[in-house]
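The lines below spell out each chain.
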Amino acid sequence: MCDSKPHTWQEAFKVLGIKYNPDGTLNREIQIPMVDATPTADPKQTNQLALSTDIPLSPYNKAYIRLYIPSNTPTGTKLPLIIYLHGGDFVLFSASTVIFHEFCNNIAGQFPAVVASVEYRLAPENRLPAAYDDALNAILWAKDQALGVGGRDPWLEYADFSRVFIMGSSAGANIAYHVALRALDFDLGPLKIIGLLMNQPFFGGLQRTQSELRLEEDKYVPLYVCDVLWSLALPQGANRDHEFCNPINGGSYLGRVKRLPRCFMKADEGDPLVDRAMQLVHLLQSYGVPVIYQFNRGGNHGMELLDKAAAKNLYDDMKEFVYSTKPTQNGCGHGPNRCF
């Protein structure tokens, strides 16, 4: 199906604020502020929700973990461990970008939870599956922490390694889905991944969905920009029906889908990607995976990053999912499903 309005790569690059450097790397011109970790309490902040610190993940690249704990850590109880993957369409942003740093501060402080936010490599300098590899290394790092390999980080003493969740937004939700499938091939004991949370996942495909056509010129994720982003992120020569982009095709993953843990899916009617999320929910359900879904009227892609009320609703729904998911839970999940 043809798009109604032609666009150029140059237009997409301008929207994204990127330019190619002579060596093929990107110059990312739109700079949302990045912030340092805050490993100690700031006496000037009376409402500081969480502390954070950076931990190198690999000696071979710049991947790292930004680890968060609540400012007021509870005594006598362990907290769920959430491995978080930030958004940015595989091409932009960082775990230290202020909007994602604050998101993790809020998750750690309000749930409460221990949060490990992954700084993964970006495309096109590092095309997929590089981000999946970094996310998997974060899970293996968490396993080593559970085992105490090389000594456990003191902040991980607050974590319950039998209650581990993988969480992501937009491209981060795509990464969360794929790394959850990859992790099934590993013996992660004593680590137990018991839940997968996906907020407005970034998927695609060659055949346009109704929501993509309806919102083709969307203000936040216009279709032509998504197409360019996939061209930058996918392996060379791959198209949008590659399994990294279109999970319904499945590729090598379909045999593993039925082994996924309980899932949470949130999407919005005003997001061009909403039909992709619906398709994935139907796929998961067809394999018997327990799914709690929230499909809301209105909204837009990334709305929780700019709208405090939307952010609170998302925190509340995710918190309910995390704290209602038990290590031994299986079968057909039940919960406050919503569909517009």
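Rules and cut-offs
Residues numbered from 1 in each chain as written. Predicted model: local features only at pLDDT ≥ 70, side-chain atom pairs only at ≥ 80, totals over all residues. Heavy atoms only, no water. Helix = DSSP H or I, 4+ residues; strand = E, 2+ residues; numbered from the N terminus. Rg over C-alpha atoms; globule rule 2.2 N^0.38 Å. Buried < 20%, exposed > 50% of the residue type's maximum accessible area, 1.4 Å probe, protein only. Areas by Shrake-Rupley, 256 points an atom, 1.4 Å probe, with all protein chains shown as cover. Pairing = 2+ DSSP bridges. Right-handed = clockwise from strand over helix to strand, strands pointing away. Core = buried A, V, L, I, M, F, W, Y, C linked by side-chain atoms within 4.5 Å. Axes fitted to C-alpha atoms, helices over the stretch in contact; angles between N-to-C directions. Parallel < 35°, antiparallel > 145°, perpendicular 65-115°, else oblique. Left-handed = near helix turned anticlockwise from the far one by under 90°. Contact = heavy atoms within 4.5 Å. Nonpolar A, V, L, I, M, F, W, Y, C, P; charged D, E, K, R; others polar.

(A) Local environment of the overall build of the protein. On a plain count of helices and strands, the protein comes out with nine helices and 10 strands. Over its C-alpha trace the protein gives a radius of gyration of 19 Å, about what one expects of a compact globule, namely 20 Å for 340 residues. By its C-alpha atoms, the protein is 60 × 45 × 40 Å across when sized along the principal axes. Within the protein, the fraction of its 340 residues that count as buried is 56%. Summed over its atoms, the accessible surface of the protein is roughly 14800 Å², and 52% of this surface lies on carbon and sulfur atoms.

(B) Expanded view of the pairing of strand β5 (residues 79-85). Most of β5 sits inside the fold, with seven of its seven residues counted as buried. Judged from the seven bridges that link them, β5 and strand β7 (residues 159-169) form a sheet pairing that is parallel. When the bridges of β7 are listed, Leu85 appears paired with Gly168. In this fold, β5 hands off to helix α2 (residues 98-110), which returns the chain to strand β6 (residues 114-119); that crossover is right-handed.

(C) Representation of unusual backbone geometry within the structure. Note the cis peptide between Leu128 and Pro129, where omega equals 20 degrees. In this fold, Pro129 is placed in the loop between β6 and α3 (130-147). A cis geometry characterises the amide bond from Gly189 onward to Pro190, with omega recorded as 5 degrees. Along the chain, Pro190 falls in the loop between α4 (171-183) and β8 (193-199). Despite not being glycine, Gln200 shows a phi value in the positive range, around 45 degrees. With respect to the helices and strands, Gln200 occurs in the loop between β8 and α5 (210-214). For Gln200, a relative accessible area of 2% translates into the label buried.

(D) Region of the structure containing the nonpolar core. Ranked by internal contacts, the top residues of the largest apolar core, which has 85 residues, are Ile65, Leu67, Leu81, Trp141, Tyr177, Met198 and Leu284. The next biggest cluster of nonpolar side chains, apart from the first, holds 24 residues, and it includes Ile82, Ala113, Leu197 and Ala311.

(E) A look at the packing of α2 against helix α9 (residues 308-324). For the pair α2 and α9, the least separation of the axes is 11 Å and the interaxial angle reads 50 degrees. It follows from the interaxial angle that α2 and α9 lie oblique. Here α2 and α9 pass one another in a crossing that is right-handed. Note on element contacts: α9 touches α2 through Leu314, Tyr315 and Lys319, opposite Phe103, Asn106, Ile107 and Gln110. Residue composition of the contact of α2 with α9, grouped by class: four nonpolar, two polar and one charged.

(F) Up close: the sheet that holds β8. On the basis of which strands lie adjacent, the open sheet formed by eight strands has the order β3-β4-β6-β5-β7-β8-β9-β10 and mixed pairing. Two strands bound the open sheet, and with one partner strand each, they are β3 (50-56) and β10 (291-296). The sheet shows a mean angle of 15 degrees between the axes of neighbouring strands, taken without regard to direction. Bridging between β3 and strand β4 (residues 64-70) involves seven bridges; their strand directions are antiparallel. What sits directly across from Leu51, in β4, is Ile69. Packing of α3 onto the sheet brings it into contact with β3, β4, β5, β6, β7 and β8, and relative to β5 it is tilted by some 160 degrees. Relative to the sheet, helix α8 (residues 274-286) contacts β8, β9 (262-268) and β10, its axis offset from that of β10 by approximately 160 degrees.

By themselves these figures say nothing about function.
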